[in-house]
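Fold and geometry: a report
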Amino acid sequence: MNFLNKERLNLIIALCAILISIASFYATYLQAKAANKQVRVMTMPVVKFDQGNFDGATQKPTIIFSFHNAGSGPAILKSLEFTYHDKTYSDLEAFLTSCCHKEEKNLYQTIHNLENKGESTLAARSGLNTVILEQAIIASHLSLKFLTLQRTAANEPLWTKLNALRNDIEVKACFCSPLGDCYESKGVQISSEVKSCPTS
């Protein structure tokens, strides 16, 4: 009796074709998965909070709060938290009001008094600049300064206060890539992936 008759041969060929198709499909799946992973890595932002008290560009004492994106893709900022002395604030303005209300009030009173005297020198300026961070986009390998306070005679109390407490501030940011993948950074930790960012 012939073991490899025509019917059995056709069945073996058909099974081989099915196995080859399955292997081809699996190889295509793995290739697509690897390509998708590569695209995610190429668009992944890695955002870190930085702070300092000197501006190298102006060579002047300046409090600087900034986010630096060391990743390969842009970061879209979704939410932000400032923690200071075990209290959490959802935005920069709330934090500044809590930590430095007296110093801010004195600063703007000083500016008001100087303006009434007709003075418009640097000493009469607040030196304080802030940036709205809601939905801010931080390009790859660039920094976004969201608070700068250049030291002046008028803002000396506020500058001194912020300089003393800046190392005690913890900032947590949640941001997403253009593909919708979201990440969270806290302090100096490496960004970790999260399902989504909290809504304010």
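All of the points below concern the structure found in this document.

Here is what the cut-offs are and how they apply
Residues numbered from 1 in each chain as written. Predicted model: local features only at pLDDT ≥ 70, side-chain atom pairs only at ≥ 80, totals over all residues. Heavy atoms only, no water. Helix = DSSP H or I, 4+ residues; strand = E, 2+ residues; numbered from the N terminus. Buried < 20%, exposed > 50% of the residue type's maximum accessible area, 1.4 Å probe, protein only. Contact = heavy atoms within 4.5 Å. Areas by Shrake-Rupley, 256 points an atom, 1.4 Å probe, with all protein chains shown as cover. Patch = residues over 30% accessible without salt bridge, like charges linked within 9 Å, V, L, I, M, F, W, Y side chains within 5 Å. Salt bridge = Lys/Arg side-chain N within 4 Å of Asp/Glu carboxyl O. Disulfide = S-S within 2.5 Å. Pairing = 2+ DSSP bridges. Phe/Tyr/Trp six-rings, centres within 6.5 Å; stacked < 30°, edge-to-face > 60°. Lys NZ or Arg CZ within 6 Å of the ring centre and 35° of its normal. Core = buried A, V, L, I, M, F, W, Y, C linked by side-chain atoms within 4.5 Å. Axes fitted to C-alpha atoms, helices over the stretch in contact; angles between N-to-C directions.

Scanning the chain from terminus to terminus reveals three helices and ten strands. N-terminal to C-terminal, the α/β element order of the chain is α-β-β-β-β-α-β-β-β-α-β-β-β. Among the 200 residues that make up the chain, the fraction classed as buried is 34%. Across the chain, every contact between residues at least 6 apart in sequence was considered, and the portion connecting residues at least 24 apart equals 60%. Split by element, the accessible area of the chain, about 12800 Å² in all, is 58% carbon and sulfur.

This next bit is on a nonpolar patch on the surface. A cluster of nonpolar residues, Leu11, Leu15, Ile18, Leu19 and Ile22, forms a patch on the protein surface that exposes about 500 Å² of accessible area. Examined against the element boundaries, Leu15 turns out to sit in helix α1 (residues 6-42).

Let's shift gears to the state of the cysteines. Going through the model one piece at a time under the given rule, you end up with three disulfides. The partner cysteine of Cys174 in its disulfide is Cys197, sulfur to sulfur 2.0 Å. Taking the torsion about the sulfur-sulfur bond, which here is approximately -85 degrees, the covalent link between Cys174 and Cys197 counts as left-handed. One end of the pair, Cys174, is in strand β8 (residues 170-176); the other, Cys197, is in the segment after β10 (192-194), with 23 residues separating them in the sequence. Cys197 matches Cys174 in its accessibility class, with the two residues each being buried.

This part takes up the pairing of strand β7 (residues 143-150). Of the pairings in the sheet, the one linking strand β2 (residues 60-69) to β7 comprises seven bridges and is antiparallel in character. Bridged to Ser66 within β7 is Lys145. With three bridges joining them, strand β5 (residues 128-130) and β7 adopt antiparallel strand pairing. The residue of β7 that forms the bridge with Asn129 is Thr148.

So, on to the packing of aromatic side chains. Across all of its chains, the model carries ten aromatic pairs by this definition. Three or more aromatic residues joined by ring pairs form one cluster here, namely Phe49, Phe65, Phe67, Phe82, Tyr84, Tyr89, Phe95 and Phe146. In this structure, Arg151 packs its charged tip against the face of Trp159, placed 4.3 Å from the ring centre.

Glancing now at the nonpolar core. One finds Phe67, Phe82, Phe95, Phe146, Leu147 and Leu162 to be the most contacted residues of the largest nonpolar core, which totals 36 residues. Elements represented by at least two residues in this core include exactly β1 (47-55), β2, β3 (75-84), α2 (92-116), β7, α3 (156-165) and β8. With seven residues, α2 is the single largest residue contributor to this core.

Attention now goes to the sheet that holds β7. In space, the four strands of this open sheet follow the order β1-β2-β7-β5, with antiparallel pairing throughout. With partners counted over all chains shown, the strands left at the sheet margins are β1 and β5, one partner each. Adjacent strand axes in the sheet meet at a mean angle of 20 degrees, parallel and antiparallel pairs treated alike. One ladder, built from eight bridges, connects β1 with β2; its direction is antiparallel. Looking at β2, one finds that Phe49 is bridged to Phe67.

Shape descriptors only; they carry no functional weight alone.
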